[in-house]
Amino acid sequence: SQLRITVKQGYKHGDEYIPVPYEQGHSMADIFENIQVEITGVGKCVNASGTYDTGKSLSTYSIDKNVLTADGFIDIDGPFFLPSSNSERKISLKVSLNPVDGSPFQKMEKLLTGHAERNEQLEIRLWVNSAYKLIGITLDRIPISEKITGDNGMWN
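Definitions and cut-offs
Residues numbered from 1 in each chain as written. Predicted model: local features only at pLDDT ≥ 70, side-chain atom pairs only at ≥ 80, totals over all residues. Heavy atoms only, no water. Salt bridge = Lys/Arg side-chain N within 4 Å of Asp/Glu carboxyl O. Helix = DSSP H or I, 4+ residues; strand = E, 2+ residues; numbered from the N terminus. Buried < 20%, exposed > 50% of the residue type's maximum accessible area, 1.4 Å probe, protein only. Pairing = 2+ DSSP bridges. Axes fitted to C-alpha atoms, helices over the stretch in contact; angles between N-to-C directions. Core = buried A, V, L, I, M, F, W, Y, C linked by side-chain atoms within 4.5 Å. Contact = heavy atoms within 4.5 Å.

## Some details on the pattern of salt bridges
Reasoning step 1: Counted under the stated rule, the structure contains eight salt bridges.
Reasoning step 2: Note that Asp-77 is salt-bridged to Arg-4, the shortest N-O span being 2.1 Å. Here the residue Asp-77 occupies a position in strand 5 (residues 74–80), and Arg-4 occupies one in strand 1 (residues 2–13), the gap between them amounting to 73 residues.
Reasoning step 3: When the shortest N-O distance is used, the salt bridge between Glu-38 and Lys-56 registers 3.8 Å. On the criterion of sequence distance, the pair formed by Glu-38 in strand 3 (residues 32–47) and Lys-56 in strand 4 (residues 50–62) is long-range, its members being 18 residues apart.
Reasoning step 4: Overall, Lys-56 belongs to the exposed group, its relative accessible area being 59%.
Reasoning step 5: Each of Arg-4, Asp-75, Asp-77, Glu-123, Arg-125 and Asp-140 takes part in salt bridges that share partners, so that together they form one network.

Structural data, given as C-alpha cells:
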C-alpha cells in the first residue's frame, strides 16, 4: 500500500469541500514547514504467506516547491508500507502539520484509525480554511493498478 497526503485550503458547502487556490506567489509553503506521518500497526516483514510482526513507520516531508501544486496546495506521495495480513488488524495514522516560525497556524495533529489493503493507495486530504483552522479530513481508498518495470539488471 501507499499513503498519499494532500492539504488544501477551502471551505465546506453542504457535504462537499470547495478548494480555494492561493494567489500567485503565495502557497502553503508560506505557512507550513513540514508534515510528519507516523503509521503504526503495519507489517514488519513479508513472505509468501503474508506479513508478520507489526511495526511503525515515521516520515517527515519538507514543504517546498517540489510538493506544491499550481494552486499552492500540498501534494505528497508518502511512504509505501506493508498492510497486515490479518484483516481484523487496524492501522493508525498520525498526521502532524508543523507551521513555520511566525505562522498564524498552530501545530495540527490528527489521528486516524482504519484498515489498509494490499495494492491500494490511501489518499488523506486535510482541509484548512483561511481562518487558520483545520476544518475537515477526507480519506479515499484507490486501487493501485499501474504496472511499472522493475530492475532488469542481471535477469535479462
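## Observations concerning the sheet that holds strand 6 (residues 91–99)
Reasoning step 1: Read across the open sheet, the four strands follow the order 4-3-6-7; overall the sheet is antiparallel. Single-partner strands in this sheet number two, and they are strand 4 and strand 7 (108–114). Strand-to-strand twist of the sheet, defined as the mean angle between neighbouring strand axes without regard to direction, takes the value 15°.
Reasoning step 2: Direction of pairing for strand 3 relative to strand 6: antiparallel, over a ladder of eight bridges.

## Details of the nonpolar core
Reasoning step 1: Of all hydrophobic cores here, the largest spans 29 residues; its most connected members are Leu-3, Phe-32, Ile-35 and Ile-74.
Reasoning step 2: Elements that contribute at least two residues to this core include exactly strand 1, strand 3, strand 5, strand 6 and strand 8 (120–128).
Reasoning step 3: For this core, the leading source of residues is strand 3, giving five residues.
Reasoning step 4: Beyond its immediate chain neighbours, meaning those up to four positions away, Ile-74 contacts Ile-5, Thr-6, Val-7, Met-28, Phe-32, Ile-35, Ile-63, Val-67 and Leu-68.

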